[in-house]
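One-letter residues, chain by chain:
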Amino acid sequence: YVAVIILLIGSTWFTSHLYYNLSNEIISENTITVPVGQRSFITLSDGTEIWLNANSKLTYPSAFEGKERHVKLKGEAYFVVARNIEKPFIVSTSSIDVKVLGTVFNIVDYPSTDSISVSLIEGCIEVYKPSDKKNTVVLQPMHKVSYRSGLMTVSDLNNNNDFLWRDGIYAFEQSPLYEIAAKLELYFDTKIIFQNESIKNYRFTGKFRQRDGIIEILKVMQNIHRFEIMKDEKNNTIILR
């Protein structure tokens, strides 16, 4: 009898301990951080596919429990969300949430920028502030919502080249150099300083490989419009003049 009692106690402890470990594994929170100048791809437990751009971070559970599928993003990511009408997929950024059932969209929310943009390629999404869920913007395909200073504005999405970064390509179309520099600062975590104001509005159209690095990208543009490039390694700064 004593042996049977000990066996039962041991089995109960083992079952409880195993369940506890499995539960912890299910609700554990994972974080993936993408280094500068690189990109990453991940498939979540529900089948959702996510591409992460350089200098981005995604926090997600190892498995989804409850009534929602919830992840957190800093930086830029392209989502292909597995459809589940009973369990909405929610992406939380620094200021707004994006709620979907199953669709394709892109989010840009780098900490150093003063705005957040959400671009919808397929399906339908809801964008709202967590503190004000009643005022929701419902976005239709090929539209973009920008959030700045507490306000949301909707515009047309005319160019899919902005999403070629998933293939390691940065594409620009008649973009001024100051806008290109701002994006390169985000992707490569490098400060770009203009010592010649007149070159800021030089416009460029082209596609550049991410793996070439920031200096090579600037050198290609330098062949189109002449300007000087200097690299300050100590201060991680690039000077254009």
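Because the structure is predicted, anything quoted here is derived from the model rather than measured.

A.B. asks: Looking at this structure, how should I read helix 3 (residues 213-222)?
C.D. replies: Think of an α-helix as 3.6 residues a turn; residues three or four steps apart then line up on the same face. Among all positions of helix 3, only Gly213, Ile214, Ile217, Leu218, Met221 and Gln222 are buried. On the buried face of helix 3, the contacting elements are strand 14 (169-176), helix 2 (177-188), strand 15 (191-194), strand 16 (203-209), strand 17 (229-232) and strand 18 (237-240).

A.B. asks: How do you make sense of helix 2 when you look at a structure like this?
C.D. replies: With twelve residues, helix 2 extends 16 Å between its outermost C-alpha atoms, agreeing within 8% with the 16 Å of an ideal straight helix rising 1.5 Å per residue. Every buried residue of helix 2 is accounted for by Leu177, Ile180, Ala181, Leu184, Leu186, Tyr187 and Phe188. Two residues or fewer past helix 2, Asp189 is found with a positive phi of approximately 50 degrees.

A.B. asks: Even after reading the chapter, I still don't get the pattern of salt bridges, so can you show me in this structure?
C.D. replies: Side chains that differ in charge, positive against negative, can pair when their charged atoms come close. Within the structure shown, the criterion is met by seven salt bridges. Across the pair Arg69 and Asp46 runs a salt bridge, and its minimum N-O distance is 2.6 Å. A residue pair is termed long-range when its members are at least 10 positions apart, and Arg69 in strand 5 (residues 69-80) and Asp46 in the loop between strand 2 (40-43) and strand 3 (49-52) qualify at 23 residues. With a relative accessible area of 24%, Asp46 lands in the partly exposed category.

Calculation criteria
Residues numbered from 1 in each chain as written. Predicted model: local features only at pLDDT ≥ 70, side-chain atom pairs only at ≥ 80, totals over all residues. Heavy atoms only, no water. Buried < 20%, exposed > 50% of the residue type's maximum accessible area, 1.4 Å probe, protein only. Helix = DSSP H or I, 4+ residues; strand = E, 2+ residues; numbered from the N terminus. Contact = heavy atoms within 4.5 Å. Expected span 1.5 Å × (residues − 1). Salt bridge = Lys/Arg side-chain N within 4 Å of Asp/Glu carboxyl O.

Note that every value here comes from positions in space, so none of it alone points to a role or purpose.
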